[in-house]
Amino acid sequence: MVYHAIGIAGNSTAADLVFASFQETAGNWHCEILASEHFPLSGEWEQSLRTAATADVPAFLRLHQAFGLHIGNLVNIFISAHNLEYKVAVVGFCGFPVQTGETTFWLGNGAAVAAITALPVVTDFYGIDQALGGKVADPQKLSSLLQSDPRMQVPDAPLLAGLMAVLRWREAENTFASETGASANTVGGAMWLGQAAD
């Protein structure tokens, strides 16, 4: 079966989005990148993200919500620009990492992304992994599962976010204890459906 997903990742200066198809063959995932775009963030967003770890709780929660809405708007712009309406099964969004001590919080409310896009959105990939004693690791295990055209000049992180969303959608393990030190492999990621109930 072929899955079509948008993966989103970035840093304090930009958000990278990819739209890709993912297909599993004998335990390996093959992908084809169908569209990608780099969205620089404004100076205001850069400043807000850089200082997020020192914000008071109400300001942090407002930023979490506002950044999710902003990412949702970027997804809609991306979908419109690349004529992807009705082609996206799921969206994977890493969020912006905010480090506080030994804990990482992924800023950007996935529920807000789902509300703006009306698409299923998977976020917080590593939350359960951290709760089981793991640390966010370099996603080499997932990278080894993903076979893509090496000529594609697209950052790995949004492509991996798309793959992790597809794995979560399928309820397959997508965080690995051997890589993070958690007590068990898990199906990581909170899913926000985005559509109105029938």
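In what follows, the structure referred to is the one given above.
Residues numbered from 1 in each chain as written. Predicted model: local features only at pLDDT ≥ 70, side-chain atom pairs only at ≥ 80, totals over all residues. Heavy atoms only, no water.

Asker: Give me unusual backbone geometry: which residues, what numbers.
Answerer: A positive phi angle is found at Asn 83, which is not glycine, with a value near 50°. By the element assignment, Asn 83 lies in the loop between helix H2 (57-81) and strand S4 (90-93). Its identity as a non-glycine residue notwithstanding, Tyr 86 has a phi of 65°, on the positive side. Overall, the relative accessible area of 88% leaves Tyr 86 in the exposed class. (Helix = DSSP H or I, 4+ residues; strand = E, 2+ residues; numbered from the N terminus. Buried < 20%, exposed > 50% of the residue type's maximum accessible area, 1.4 Å probe, protein only.)

Asker: Before we move on, could you go through the layout of surface pockets and cite the residues and values that matter?
Answerer: Taken as a whole, the second largest pocket encloses approximately 150 Å³ of empty space. Taken together, Ile 79, Leu 84, Glu 85, Tyr 86, Lys 87, Val 88, Thr 117, Ala 118 and Leu 119 make up the full set of residues lining the second largest pocket. Considering only residue class, the lining of the second largest pocket consists of six nonpolar, one polar and two charged. (1 Å grid on protein atoms, 1.4 Å probe; cavity = no way out; pocket = protein on both sides within 12 Å on 5 of 7 lines; lining within 4 Å. Points joined across faces, edges and corners; volume = space filled by probe spheres on them. Nonpolar A, V, L, I, M, F, W, Y, C, P; charged D, E, K, R; others polar.)

Asker: So what's going on with H2? Residues and values would help.
Answerer: The end-to-end C-alpha separation of H2 is 36 Å, in line with the 36 Å expected for 25 residues at 1.5 Å each. Residues of H2 that are buried include every one of Phe 60, Leu 63, His 64, Phe 67, Gly 68, Ile 71, Gly 72, Leu 74, Val 75, Phe 78 and Ile 79, and no others. The N-terminus of H2 is capped by Asp 56, whose side-chain oxygen sits 2.9 Å from the backbone nitrogen of Ala 59. One or two residues past the end of H2 sits Asn 83, with phi positive at roughly 50°. (Expected span 1.5 Å × (residues − 1). Polar contact = N/O pair within 3.5 Å; in protein donor to acceptor, adjacent residues only side chain to side chain.)

Asker: Account for the side chain of His 64, with residues named and values stated.
Answerer: Residue position: His 64 is located in helix H2. With relative accessibility at 14%, the residue His 64 sits in the buried group.

Asker: Just give me the short version of the nonpolar core, but keep the residues and values in it.
Answerer: As a rule of thumb, nonpolar side chains are buried together in soluble globular proteins. Judged by nonpolar contacts, the single largest core of 30 residues is most densely connected at Ile 6, Ile 8, Leu 17, Phe 67, Ile 71, Phe 78 and Leu 107. Looking at this core, the elements that each hand over two or more residues are strand S1 (2-10), strand S2 (14-25), strand S3 (28-40), helix H1 (43-50), H2, S4, strand S5 (96-100) and helix H3 (110-117). With eight residues, the single largest contributor to this core is H2. Aside from chain neighbours lying at most four places away, what touches Phe 78 is Ile 6, Leu 17, Val 18, Phe 19, Ala 35, Ser 36, Glu 37, Phe 39 and Leu 84. Among the nonpolar cores identified, the runner-up in size contains 24 residues, and Val 122, Phe 125, Ala 161 and Leu 167 belong to it. (Core = buried A, V, L, I, M, F, W, Y, C linked by side-chain atoms within 4.5 Å. Contact = heavy atoms within 4.5 Å.)

Asker: Tell me about the packing of H2 against H3, and please be specific about residues and values.
Answerer: Two measures define how a pair of helices packs: the angle their axes make with one another and the distance between the axes. The contact between H2 and H3 brings their axes to 7 Å, and the two run at 35°. Seen along the crossing, H2 lies across H3 with a hand that is right-handed. Packed against H2, whose contacting residues are Gln 65, Gly 68, Leu 69, Ile 71, Gly 72, Asn 73, Val 75 and Asn 76, the element H3 presents Ala 112, Val 113, Ile 116 and Thr 117 at the interface. (Axes fitted to C-alpha atoms, helices over the stretch in contact; angles between N-to-C directions. Left-handed = near helix turned anticlockwise from the far one by under 90°.)

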